[in-house]
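What follows is each chain in one-letter form.
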Amino acid sequence: MSAEAMKKVLVVMRHAPYGTFYAFEGLQTLLIMGAYELDLGVAFVDDGVYVITRNQNPKALQVKQVAQTFPALPDFEVHRFYVLEDSLKERGLTLDDLVIQPQVIDRAALAALFEEHAAVLPF
Amino acid sequence: MLYTVNKSPFASPNLERCLQVAPAGSPILLYEDGVYAAAAGTAFEERLHAALQAHPIYALQSDLEARGLSNLVEGVRVITYEDFVDLVIEHNVVPWL
Amino acid sequence: MRFSILVLESPYQRQAADSAYRFARAVLEKGHQIRGIFFYMNGVHNANKYQKPPGERNLGTLWTQLQQEHNLDFVACIAASTWRGMNEDLALPGFRIAGLGQLALMIQESDRLVTFGG
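Note that the coordinates shown come from a computational prediction; the quantities given were computed from them, not determined experimentally.

## What to know about the overall build of chain B
No. 1: What chain B contains, in helices and strands, is 4 helices and 5 strands.
No. 2: Going residue by residue from the N terminus, the α and β elements of chain B occur as β-α-β-α-β-α-β-α-β.
No. 3: Its C-alpha atoms give chain B a radius of gyration of 12 Å, near enough to 13 Å, the size a compact globule of 97 residues would have.
No. 4: Expressed along its principal axes, the backbone C-alpha trace of chain B runs to roughly 30 × 25 × 20 Å.

## Here's the deal with helix α1 (residues 22-33) of chain A
No. 1: With 12 residues, α1 of chain A should reach 16 Å at 1.5 Å per residue; the first-to-last C-alpha distance of 16 Å fits that figure.
No. 2: Of all 12 residues that make up α1 of chain A, 10 are buried, and the element is covered over most of its length.
No. 3: Considered for burial, the residues of α1 of chain A that qualify are Tyr22, Ala23, Phe24, Glu25, Gly26, Leu27, Thr29, Leu30, Leu31 and Met33 of chain A.
No. 4: Where α1 of chain A is buried, its residues contact β1 (7-13), β2 (38-44), β3 (78-84) and β5 (119-122) of chain A together with α3 (78-84) and α4 (101-108) of chain C.

## Let's talk about the interface of chain C and chain A
Often, the extent of an interface is quoted as the loss of accessible area upon association of its parts.
No. 1: Counting residues at the interface gives 19 residues for chain C, matched by 18 residues for chain A.
No. 2: Ranking the residues of chain C by area buried against chain A places Met41, Ile107 and Gln108 of chain C at the top, with a combined share of 31%.
No. 3: Remark: the boundary between chain C and chain A carries 1 salt bridge.
No. 4: Salt-bridge contacts for arginine 84 of chain C lead to glutamate 25 of chain A; the nearest nitrogen and oxygen are separated by 3.4 Å.
No. 5: Joining chain C to chain A, the criterion identifies 9 residue pairs in polar contact (both at pLDDT 80 or more).
No. 6: Looking at which element gives the most residues to the side of chain C that touches chain A, the answer is α4 of chain C, with 5 residues.
No. 7: Its residues placed into classes, the side of chain C that touches chain A shows 10 nonpolar, 6 polar and 3 charged.

## Focus on the sheet that holds β5 of chain A
Hydrogen bonds between backbone groups are what pair the strands of a sheet, and the pairing can be parallel or antiparallel.
All names here are of chain A.
No. 1: Read from one edge to the other, the open sheet built from 5 strands follows the order β4-β3-β2-β1-β5, with strand pairing classed as parallel. Here the strands that pair on one side only, and so sit at the sheet edges, are β4 (103-105) and β5. With direction set aside, neighbouring strand axes in the sheet form an average angle of 25°.
No. 2: Here β1 pairs with β5 via 4 bridges, running parallel. Pairing of valine 12 across the sheet is with proline 122, part of β5.

## Points about the environment of glutamate 65 of chain B
No. 1: With respect to the helices and strands, glutamate 65 of chain B occurs in helix α3 (residues 61-66).
No. 2: We classify glutamate 65 of chain B as exposed; its relative accessible area is 55%.

## Regarding the pairing of strand β2 (residues 33-39) of chain C
All names here are of chain C.
No. 1: Counting buried positions along β2 gives 6 out of 7 residues, so the element sits mostly inside the fold.
No. 2: Where strand β1 (residues 2-7) and β2 come together, 6 bridges link them in parallel fashion. Looking across to β2, one finds that isoleucine 5 is bridged to isoleucine 37.
No. 3: With 3 bridges connecting them, β2 and strand β3 (residues 74-77) associate as parallel partners. What sits directly across from isoleucine 37, in β3, is phenylalanine 74.

## Quick look at the packing of helix α4 (residues 81-90) of chain B against helix α1 (residues 16-29) of chain C
No. 1: Taken N-terminus to C-terminus, the directions of α4 of chain B and α1 of chain C make an angle of 75°; their axes are 9 Å apart at the nearest point. The pairing of α4 of chain B with α1 of chain C is recorded here as roughly perpendicular in orientation. Residues Tyr81, Glu82, Phe84, Val85 and Val88 of chain B of α4 of chain B lie in contact with α1 of chain C, whose contacting residues are Ser19, Arg22, Phe23, Ala26, Val27 and Glu29 of chain C.
No. 2: Looking at side-chain class alone, the contact of α4 of chain B with α1 of chain C contains 7 nonpolar, 1 polar and 3 charged residues.

## A short note on the sheet that holds β3 of chain C
Residues and elements named next belong to chain C.
No. 1: Strand order in the open sheet formed by 5 strands is β4-β3-β2-β1-β5, with parallel pairing between adjacent strands. In this open sheet, the two edge strands, each paired with only one partner strand, are β4 (95-98) and β5 (112-116). Each adjacent strand pair in this sheet contributes to an overall mean axis angle of 25°, direction not counted.
No. 2: Relative to β4, β3 is paired through 4 bridges, and the arrangement is parallel. Pairing of alanine 76 across the sheet is with isoleucine 97, part of β4.
No. 3: Its contacts with the sheet put helix α2 (residues 59-70) on β2, β3 and β4, and the angle it makes with β3 is roughly 135°.

The rules behind the values
- Residues numbered from 1 in each chain as written.
- Chains lettered and ligands numbered in written order.
- Predicted model: local features only at pLDDT ≥ 70, side-chain atom pairs only at ≥ 80, totals over all residues.
- Heavy atoms only, no water.
- Helix = DSSP H or I, 4+ residues; strand = E, 2+ residues; numbered from the N terminus.
- Rg over C-alpha atoms; globule rule 2.2 N^0.38 Å.
- Expected span 1.5 Å × (residues − 1).
- Buried < 20%, exposed > 50% of the residue type's maximum accessible area, 1.4 Å probe, protein only.
- Contact = heavy atoms within 4.5 Å.
- Buried area = accessible area lost by both parts, 1.4 Å probe.
- Salt bridge = Lys/Arg side-chain N within 4 Å of Asp/Glu carboxyl O.
- Polar contact = N/O pair within 3.5 Å; in protein donor to acceptor, adjacent residues only side chain to side chain.
- Nonpolar A, V, L, I, M, F, W, Y, C, P; charged D, E, K, R; others polar.
- Pairing = 2+ DSSP bridges.
- Axes fitted to C-alpha atoms, helices over the stretch in contact; angles between N-to-C directions.
- Parallel < 35°, antiparallel > 145°, perpendicular 65-115°, else oblique.

So this is what it looks like as structure tokens:
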């Protein structure tokens, strides 16, 4: 199927990892759905920016580290990454604090991004 | 896009965050605990008034009734699930959970 | 118009699953189609056949009735089910347990995906 014909799906991460399971399940969705002829993007918004911060160590919680899988997502046909600028700023974070380098977008760009997608999946 | 919010504005910043992103003109649907934002006489009323200048704001009737909310901020449109379906047909959805 | 619905919450803890059910009913009553309903995360508990709320709506029964009336495709995510101990033996009639790829297909074959959760 051509890229033009593929439906665009945006996973929006708005929850921090570990406190809830949303980020982990959003990641599973990205890992699986890339195999199904969908044009996948992921946007990190609000506490969702904490999903991809460096130095996560949930060893004592006996759960998988969430951030470490994101750099591998292009191998799973996920190629578009976005982060909301204000969400980074509010949390005192910069791109240097993240394990990947998403495109930094403002709120208007995020709203425009929603418009481009056939489905928005909240996690 | 139709932005849907299901949390009370007193318990969650979701509605505020959603209002910061939703472009002027985008409809906003309040449902579940989101309908508390539509109640008149609360500390959020002024914020909702301002939001109503930029957005059509809808609140789900059955969720309002369940919570005993009938005195609503002027301009909020009360709708049924059938109307909710029509809104989704007209606009794709951004669920702001 | 053709809809699919994603349910992320169990019954009886949050309202989300009830909202999803009401929305699905309204879609069908208005004469539209539902391509499928995908139950993910704690949403897989909707499929549990042993749920028994005393004196109130039984969401499992309501889902099953809806599925049977309209021959809908109800899928509980297999990974989320495995994590939570849901399986074919525990599942209500009308629910099948399958992978996230089914959600991808529902998205491909629908005009709208509406998510209920949180």
